[in-house]
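So the chains spell out like this:
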Amino acid sequence: MIIDTPEVQDINSFSRLEFLQEVYGILWVLVPILTTVLAITIGVLVIVWLEREISAGIQQRIGPEYAGPLGVLQALADGTKLLFKENLLPSRGDTRLFSIGPSIAVIEILLSYSVIPFGYRLVLADLHIGVFLWIAISSIAPIGLLMSGYGSNNKYSFLGGLRAAAQSISYEIPLTLCVLSISLLSNSSSTVDIVEAQSKYGFWGWNLWRQPIGFVIFLISSLAECERLPFDLPEAEEELVAGYQTEYSGIKFGLFYVASYLNLLVSSLFVTVLYLGGWDISIPYIFVYELFEITKAYEVFGIAISIFITLAKTYLFLFISITTRWTLPRLRIDQLLNLGWKFLLPISLGNLLLTTSFQLFSL
């Protein structure tokens, strides 16, 4: 059977068109993910630079100033140095667990960014269980730290891993109860719906004013989840050398370093989304563009301003976290656990019961 040349050309062009459509579909999926990863990386570099500058200001000393203008490239230089350092493995440790631990610590935090709205409807995955997906993913972190501590075959590392697991479990329960109270108030667990529920009433509709007790508990619990001072017991250098990070070097140590700042950034973003209204702001910036009837420019401007507002609120909370680190002393392990189980847990339960009662009576 002989097929005419025009028919063969039509078949080839059709198959080529299908191939191009598949490539376009793959790129359409990858571009938002890669853009988010790039933005998160830049955000982490900014946080590291801010922490060094703020700590230098608090301690009345000169911070980084040689690597780039105002020392902005210092974090990048440190990352490059860690990348080229020798990657050592403990001779009698479990090398599989030792290698997998840092990867789990980073990957589970990166997955949390998929449900965070960075601006108006600007979210990778708007899920109905968005906030609880974040809590479920973040509960995997202690497993990675335990694997790192056990795989190191070092008593200080293992103690640091056990402390990290105990601390995470102790403070994750009050944090979850606070998130549950927010979900009850907003009648949704979607991060986008929670922000939109707050934006209906403007500045005074933020959950900061409706849930002040929950806000304080969430703030303390998120600091403890990030293992920041005064809650950095898993890596207390005076007691445990460096905790679960003791045997790590090179890029694996860099992964733990990056994971701590990624966790701080994701916690700050969730504080913004759950309590500070997300991208919502009560300043009327719309009328300028409606006056000139520039609809497309307004749309671009609206997205840009919503991203800026979200990041401004996020970095405000980051400033509070950084100043807390260089202001308060470290707690003892018994004080840390008593604060979580004897104070924050009962108060968060009471706050949830009050919120539930208020919602039932308002029906």
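Residues numbered from 1 in each chain as written. Predicted model: local features only at pLDDT ≥ 70, side-chain atom pairs only at ≥ 80, totals over all residues. Heavy atoms only, no water.

1. So, the layout of surface pockets
Applied cut-off: Definitions used throughout: a 1 Å grid over protein atoms alone; a cavity as a set of points that fits a 1.4 Å probe which cannot get out; a pocket as an open set with protein on both sides within 12 Å along at least five of seven lines; a lining residue as one with an atom within 4 Å of a point. Grid points are joined across faces, edges and corners, and a volume is the space filled by probe spheres set on the points. Helix and strand labels come from DSSP, where a helix needs a run of H or I of at least four residues and a strand needs a run of E of at least two; each type is numbered from the N terminus.
Space inside the largest pocket adds up to approximately 750 Å³. If you go around the largest pocket, you meet 38 residues; those closest to its centre are Cys226, Glu227, Glu235, Tyr244 and Ser260. When contributions to the lining of the largest pocket are tallied by element, the ones reaching two or more residues are α3 (95-112), α4 (130-138), α5 (141-151), α6 (155-186), α9 (212-225) and α11 (250-275). Considering each element in turn, the lining of the largest pocket owes the most residues, 9 residues, to α11.

2. Considerations on α4
For the record, the criterion: For every residue, the accessible area obtained with a 1.4 Å probe (protein chains only) is divided by the maximum for its type, and the residue is called buried under 20%, exposed over 50%, and partly exposed between those limits. The arc in question is the one traced by the directions running from the helix axis out to the C-beta atoms.
Buried residues of α4: Gly130, Val131, Trp134, Ile135, Ile137 and Ser138, and no others. The buried residues of α4 occupy an angular sector of 165° when projected down its axis, which confines them to one face.

3. Points about the UniProt feature "transmembrane region" (unreviewed entry) in the protein chain
For clarity, the threshold we go by: UniProt positions are given in the numbering used here, feature names are shortened, and annotations may be inferred rather than shown by experiment.
When the UniProt feature table is mapped to this numbering, "transmembrane region" (unreviewed entry) covers residues 26-50, 97-116, 128-147, 255-277, 297-322 and 343-361. Between the C-alpha atoms that bound residues 26-50 there is a distance of 36 Å. The span itself is 100% helix and 0% strand. Span residues 343-361 is 100% helix and 0% strand, its end C-alpha atoms 27 Å apart.

4. Brief notes about the pattern of salt bridges
Selection criterion: Salt bridges are defined as contacts in which a side-chain nitrogen from Lys or Arg sits within 4 Å of a carboxyl oxygen from Asp or Glu.
This model, assessed by the stated rule, comprises 5 salt bridges. A salt bridge links Arg325 to Glu51; the nearest nitrogen and oxygen atoms lie 2.8 Å apart. Within this pair, whereas Arg325 is found in helix α13 (residues 295-325), its partner Glu51 is found in helix α1 (residues 5-58), the two being separated by 274 residues in sequence. Under the relative-accessibility criterion, Arg325 is labelled partly exposed at 28%.

5. Brief notes about the packing of α3 against α11
Cut-off, in case you're wondering: Here, axes are lines fitted to C-alpha atoms. For helices the fit covers the stretch in contact, and angles between N-to-C directions go from 0 to 180 degrees. Any angle that is under 35 degrees is reported as roughly parallel, and any over 145 degrees as roughly antiparallel; angles of 65 to 115 degrees are reported as roughly perpendicular and all others as oblique. Left-handed is the label given to a crossing in which the near helix is rotated counterclockwise from the far helix by less than a right angle, and right-handed is the label when the rotation is clockwise. Pairs of residues are marked as contacts when any of their non-hydrogen atoms sit within 4.5 Å. Gly is placed with the polar residues, together with every amino acid not listed as nonpolar (Ala, Val, Leu, Ile, Met, Phe, Trp, Tyr, Cys and Pro) or charged (Asp, Glu, Lys and Arg).
At a minimum axis distance of 9 Å, the contact between α3 and α11 shows a crossing angle of 20°. Considered as vectors, α3 and α11 are oriented roughly parallel to each other. Read as a crossing pair, α3 and α11 show a hand that is left-handed. For the pair formed by α3 and α11, the contact residues are Phe98, Ser99, Gly101, Pro102, Ala105, Val106, Ile109, Leu110 and Ser112 on the first element and Lys252, Leu255, Phe256, Ala259, Leu262, Asn263, Val266 and Phe270 on the second. A per-class count over the contact of α3 with α11 returns 12 nonpolar, 4 polar and 1 charged.

6. Regarding the nonpolar core
To be explicit about the condition: Side-chain atoms within 4.5 Å link the members of a nonpolar core, which is a set of buried Ala, Val, Leu, Ile, Met, Phe, Trp, Tyr and Cys residues. The source of the domain bounds is an automatic or database domain assignment.
If you look at the biggest cluster of nonpolar residues, it comprises 58 residues, and the most contacted ones within it are Tyr113, Ile116, Trp134, Val179, Phe218, Phe270 and Leu274. Of the residues forming this core, the biggest block, 13 residues, is contributed by α11. Per-domain counts for this core show at least three residues from each of domain 1 (1-81) and domain 2 (85-362). If sequence neighbours within four positions are ignored, Val179 has contacts with Val131, Phe132, Trp134, Ile135, Phe218 and Leu274.

7. What about the environment of Lys81?
Positionally, Lys81 belongs in helix α2 (residues 74-83). The class for Lys81 is partly exposed, based on a relative accessible area of 46%. Each C-alpha atom, one on Lys81 and one on Gly254, is 9.6 Å from the other, the two residues being 173 residues apart in sequence.

8. Comments concerning the side chain of Thr310
Inspection of the secondary structure puts Thr310 in helix α13. According to the relative accessible area criterion, Thr310 is buried, its value standing at 0%. Leave out the neighbours within four places in its chain, and Thr310 touches Pro117, Phe118, Gly119, Leu269, Thr272, Gly278 and Trp279.

9. So, the packing of aromatic side chains
The condition is simple: Centre distance within 6.5 Å is the pairing criterion for rings of Phe, Tyr and Trp, where only the six-membered ring of Trp is used; planes under 30 degrees apart are then read as stacked, over 60 as edge-to-face, and the remainder as tilted.
Per the stated rule, a full pass over the model turns up 14 aromatic pairs. With 6.1 Å between their ring centres and 65° between their planes, Tyr150 and Phe158 make a pair best called edge-to-face. The class of Tyr150 is exposed, set by a relative accessible area of 54%. Aromatic rings pair up to connect Trp134, Phe215, Phe218, Phe270 and Tyr275 into one cluster.

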